[in-house]
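The primary structure of each chain is shown beneath.
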Amino acid sequence: MKIRLANTAGFCMGVRRAVDMVLDLQRAEPPLPIVTYGPLIHNPQTLELLKERGITEVRSLDQVCGGTVVVRAHGISPQEREILMEKGVGVVDATCPRVARVQAVIRKHAAKGEFCVIVGDQDHPEVKGLLGFASAGGVAVPDSEATEILDAVPSDRDICIVAQTTQEVRTFDRVVEILRERCGEINVYNTICDSTRKRQSEVARLARQVETIIVVGGKGSGNTARLMKVAQGEGVPAIHVETDEEIGPTLLEGVESVGVTAGASTPNWMIRQVIDRLREIGMSRRTGPLAAVRKLADVAVMTYCWAALGAAGLTATCLVLQNRPVTWLPLGVAMLFVFSMHLLNRIQERSGAVRFNTPEIAAFYARHRSLLTTLAAVSCIMAVVLCSWMGRYSCLLLVAMIVTGGLYAVPLLSRFQVRWLKWKSLRDLPGSKTPLVAAGWAMAAAVLPAIGSGSQIVWSGLIVSFVFAAGMVFWRTALSDLLDIQGDRIVGRETIPILIGVKKTRKLLLGLLIFLASFLGVAGAAGWIPRVGLGLILSTAIFGVFFFVYRKRHLVDRLAVEALIDGNFVLAGLLCLVYG
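Everything numeric here is computed off the predicted structure, so don't read it as measured data. (Residues numbered from 1 in each chain as written. Predicted model: local features only at pLDDT ≥ 70, side-chain atom pairs only at ≥ 80, totals over all residues. Heavy atoms only, no water.)

### Points about the overall build of the protein
Moving on, step 1. A tally of helices and strands in the protein yields 25 helices and twelve strands.
Moving on, step 2. Within the protein, buried positions represent 54% of all 580 residues.
Moving on, step 3. Taking all contacts inside the protein whose residues are at least 6 apart in sequence as the whole, residues at least 24 apart take part in 74%.
Moving on, step 4. Computing the positive centroid from 62 side-chain charges and the negative centroid from 49, the protein places the two 10 Å apart. (Helix = DSSP H or I, 4+ residues; strand = E, 2+ residues; numbered from the N terminus. Buried < 20%, exposed > 50% of the residue type's maximum accessible area, 1.4 Å probe, protein only. Contact = heavy atoms within 4.5 Å. Lys, Arg positive; Asp, Glu negative; His and termini not counted. Charge placed at Lys NZ, Arg CZ, Asp CG, Glu CD.)

### Focus: the packing of aromatic side chains
Moving on, step 1. For the coordinates displayed, the defined rule picks out eight aromatic pairs.
Moving on, step 2. Between Phe 515 and Phe 519, the ring centres sit 5.6 Å apart and the planes meet at 15 degrees, which makes this aromatic pair stacked. A residue pair is termed a helical-turn pair when its members lie 3 or 4 positions apart in one helix, as Phe 515 and Phe 519 do in helix α22 (residues 502-525) at four residues.
Moving on, step 3. Measuring from centroid to centroid gives 5.8 Å for Phe 543 and Phe 569, while their planes differ by 75 degrees, and the two rings are edge-to-face. Here Phe 543 is found in helix α24 (residues 537-552), whereas its partner Phe 569 is found in helix α25 (residues 558-579), with 26 residues between them in sequence.
Moving on, step 4. Taking the relative accessible area as the measure of exposure, Phe 543 reaches 0% and is therefore buried.
Moving on, step 5. Residue classification places Phe 569 among the buried residues on the basis of a relative accessible area of 1%.
Moving on, step 6. Ring pairing ties together the aromatic residues Trp 441, Trp 475, Phe 543, Phe 546 and Phe 569, which thus form one cluster. (Phe/Tyr/Trp six-rings, centres within 6.5 Å; stacked < 30°, edge-to-face > 60°.)

### What to know about the sheet that holds strand β7 (residues 138-141)
Moving on, step 1. Taken in spatial order, the four strands of this open sheet run β7-β6-β8-β9, and their pairing is parallel. Because the sheet does not close on itself, it has two edges, and the strands there are β7 and β9 (186-188). Across this sheet, the average inter-strand angle for adjacent strands is 20 degrees, counted without regard to direction.
Moving on, step 2. When strand β8 (residues 159-163) meets β9, the two strands line up parallel, connected through three bridges. Its bridge partner lying in β9, Cys 160 is registered against Asn 187.
Moving on, step 3. Sitting on the sheet, helix α4 (residues 97-111) touches β6 (115-119), β8 and β9, and the angle it makes with β8 is about 175 degrees. (Pairing = 2+ DSSP bridges. Axes fitted to C-alpha atoms, helices over the stretch in contact; angles between N-to-C directions.)

### A few points about the sheet that holds strand β10 (residues 212-216)
Moving on, step 1. Spatially, four strands are ordered β1-β12-β10-β11 in an open sheet, and the strand pairing comes out parallel. The sheet is open, and its two borders are formed by β1 (2-5) and β11 (238-241), each paired with just one other strand. Each strand of the sheet is rotated relative to its neighbour by a mean of 25 degrees, with strand direction disregarded.
Moving on, step 2. Where β10 lies against β11, four bridges are found, and the strand directions are parallel. Across the sheet, the residue bridging to Ile 214 is Ile 239, located in β11.
Moving on, step 3. Helix-sheet contacts for helix α9 (residues 222-233) involve β10, β11 and β12 (257-262), and the interaxial angle to β11 is about 165 degrees.

### Some words on the packing of helix α18 (residues 433-451) against helix α19 (residues 459-483)
Moving on, step 1. Direction vectors running N to C along α18 and α19 enclose 150 degrees, while the axes themselves pass 8 Å from each other. On the basis of their axis angle, the class for α18 and α19 is roughly antiparallel. Relative to α19, α18 is oriented so that their crossing is right-handed. Between α18, through Lys 433, Thr 434, Pro 435, Val 437, Ala 438, Trp 441, Ala 442, Met 443, Ala 446, Val 447 and Ala 450, and α19, the contact on the second element is made entirely by Leu 462, Ser 465, Phe 466, Ala 469, Ala 470, Val 473, Phe 474, Arg 476, Thr 477, Ala 478 and Asp 481.
Moving on, step 2. When its residues are assigned to classes, the contact of α18 with α19 shows 16 nonpolar, three polar and three charged. (Parallel < 35°, antiparallel > 145°, perpendicular 65-115°, else oblique. Left-handed = near helix turned anticlockwise from the far one by under 90°. Nonpolar A, V, L, I, M, F, W, Y, C, P; charged D, E, K, R; others polar.)

### A look at unusual backbone geometry
Only a minority of non-glycine residues have a phi that is not negative, and only a minority of peptide bonds are not trans.
Moving on, step 1. Cis geometry is adopted by the peptide bond preceding Pro 33, which originates at Leu 32 and carries an omega value of 0 degrees.
Moving on, step 2. A positive phi is found at Tyr 304, a non-glycine position, where the angle reads about 65 degrees.
Moving on, step 3. Here Tyr 304 shows up in the loop between α11 (289-302) and α12 (305-321).
Moving on, step 4. The exposure class of Tyr 304 is buried, given its relative accessible area of 8%.
Moving on, step 5. If you check the backbone angles, Asn 323 has positive phi at about 60 degrees while not being a glycine.
Moving on, step 6. Take Asn 323: it is sitting in the loop between α12 and α13 (328-348).

### Some words on the confidence of the model for the protein
Moving on, step 1. Per-residue confidence for the protein gives a mean pLDDT of 88; residues scoring 70 or more make up 94%.
Moving on, step 2. In this model residues 415-420 is a low-confidence stretch, pLDDT under 50, and it forms three contacts with partners more than four residues away in sequence or in other chains. (pLDDT = per-residue confidence, 0-100.)

### A short note on the nonpolar core
Moving on, step 1. If you look at the biggest cluster of nonpolar residues, it comprises 78 residues, and the most contacted ones within it are Trp 441 and Trp 475.
Moving on, step 2. The leading source of residues in this core is α19, at 13 residues.
Moving on, step 3. Dropping the residues within four chain positions of it, Trp 441 is found in contact with Ala 307, Gly 310, Ala 311, Leu 314, Val 338, His 342, Val 473, Arg 476, Asp 566 and Phe 569.
Moving on, step 4. In terms of nonpolar packing, the next biggest core, distinct from the first, is built from 25 residues, Ala 18, Leu 25, Val 92 and Val 99 among them. (Core = buried A, V, L, I, M, F, W, Y, C linked by side-chain atoms within 4.5 Å.)

### Topic: the side chain of Glu 126
Moving on, step 1. Tracing the chain through its elements places Glu 126 in helix α5 (residues 125-131).
Moving on, step 2. One buried charged residue, Glu 126, forms no salt bridge at all, with the nearest opposite charge on Arg 226 at 7.7 Å.
Moving on, step 3. Not counting residues up to four positions away in its chain, the partners in contact with Glu 126 are His 74, Val 99, Gln 164 and Thr 165. (Salt bridge = Lys/Arg side-chain N within 4 Å of Asp/Glu carboxyl O.)

### Digging into the pattern of salt bridges
Moving on, step 1. Per the counting criterion, the structure on display carries 17 salt bridges.
Moving on, step 2. By sharing partners, the salt bridges in this structure join Asp 20, Asp 24 and Arg 489 into a single network.

### Overview of the packing of helix α8 (residues 194-207) against α9
Moving on, step 1. Where α8 contacts α9, the axes come no closer than 8 Å and their chain directions differ by 35 degrees. Between α8 and α9 lies a crossing whose hand is right-handed. In this structure, α8 uses Arg 199, Gln 200, Val 203, Ala 204 and Ala 207 to contact α9, whose residues at the interface are Arg 226, Leu 227, Val 230 and Ala 231.
Moving on, step 2. Looking at the contact of α8 with α9 residue by residue, the class counts come to six nonpolar, one polar and two charged.

### Considering the environment of Ala 470
Moving on, step 1. With respect to the secondary-structure elements, Ala 470 resides in helix α19.
Moving on, step 2. Of the residues examined, Ala 470 reaches a relative accessible area of 16% and is grouped as buried.
Moving on, step 3. A sequence separation of 252 residues divides Ala 470 from Gly 218, and the C-alpha atoms of the two residues are 42 Å apart.
Moving on, step 4. Among all residues touching Ala 470, those that are not within four sequence positions of it are Ala 438 and Ala 442.

### So, the side chain of His 109
Moving on, step 1. For His 109, the location among the structural elements is in helix α4.
Moving on, step 2. Polar side-chain contacts of His 109 include one of 2.9 Å to the side chain of Glu 114.
Moving on, step 3. Other than its neighbours up to four places away in sequence, His 109 contacts Glu 114, Cys 160, Asn 187 and Tyr 189. (Polar contact = N/O pair within 3.5 Å; in protein donor to acceptor, adjacent residues only side chain to side chain.)

If you want it as structure tokens, here you go:
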């Protein structure tokens, strides 16, 4: 079964901004309790997760008794804002900038005495807030069939027409057309946000390419319901689901192509769960060698077998950069170390962000926990045994690395009840994951073989190989953090993209690739490394391609992406082996 995903599915800018602001609040330690005025977004699952973190909602301003109140993305009326100011509570305004623009338009024309028409659902919180700005009178028109409401629009006054930001384009155009025929002076502002227009046009286009459309989103989400309406308007069956559990094996019986889109309040992890479920149904229908190969490849990526092979490729690269022969012993040690450490930390993380970021992997580890734990332990022991043949100092260093990696997620300080200390384990240190993973891989690939070879260390080659290995693995891990940012935020993990922001992280990744390519070029020209170092610039270029693909589309097949990224390390190792 072919699965096609709309490019702009998932959180819109306003919703993402509101969720990020609320989750960042806890780090700022504002006055408690933290409450949102009304549900922050129209997604029950996300609201439940926020509740687990102590962020609740109030339905009425009468329920506000101190603490901090978050104004959700839909905005509020001036009258409600005045009440909050009188209560003297802390106010965090997460109103979507697009909604704030509509508020400003209404305020401007209301000051001129113009009657305001809002094309939108009168019971929607955004529309209720907008009507509060229509001091010269206003009305909400849900669609062109609301004849009684349209008849109540005064024909002898100047009219200002705006749209609810998530309104359907065709509905807005039709209401404007009707009022033009009935009223005199009309000022029309199509305030439907770009994200809504893109979603609706994408769904219409997608519906012409597939047999069925699946729309993921909360049952109470208006913009999700409109996506359903657009899809059905194209004459294609559309199915509205909140979670993947609603997709049974018989729901898509006989369907060979399905399109997936999602409302503006639907988090990425819920879309991934739906896609995983669809892929599972599609795979169950496929037979033959190709299906078996894909299943085997997925298992290799999920269990870090492929990442271990990538570590072997990176080790071969470092050996060649240091003018050392490529032998099986350092490659084996690096493979076993990377395999065991990643496996162990993934097992410990089973109840954390992985269930949101990669639900397919979370389910796999839940099913095979005992077997994978045994594999991780055996790999640690085998790595130490092999490394002991490389030399005493190499073995001691490896043991220190394994202890550090094994204790990464263990709350060492909890038993001492150090209440004033926020960080209980290495994982709790803000932004620690990416540099520690990079350092671990680079130590295994570049340093262990150097100190265990028994020959003199060539410091120029060691430094270049270490910087290259650490930089490439840092890039690999930071890109994964960018893809996982929503899940990491919801569980409170402070990765580099969360600490410095998405835009700065993107600049960091792009700058790192430019630095590594330039560094290899200078090192090769200066004779610090063999000429194959210049060829490794190809590896940085490949990561550059991945970066621009990521920029274009956030929701991707995670297993395929991880396979391609670690495959770049395998390719670099093969290139160096051929040179050697």
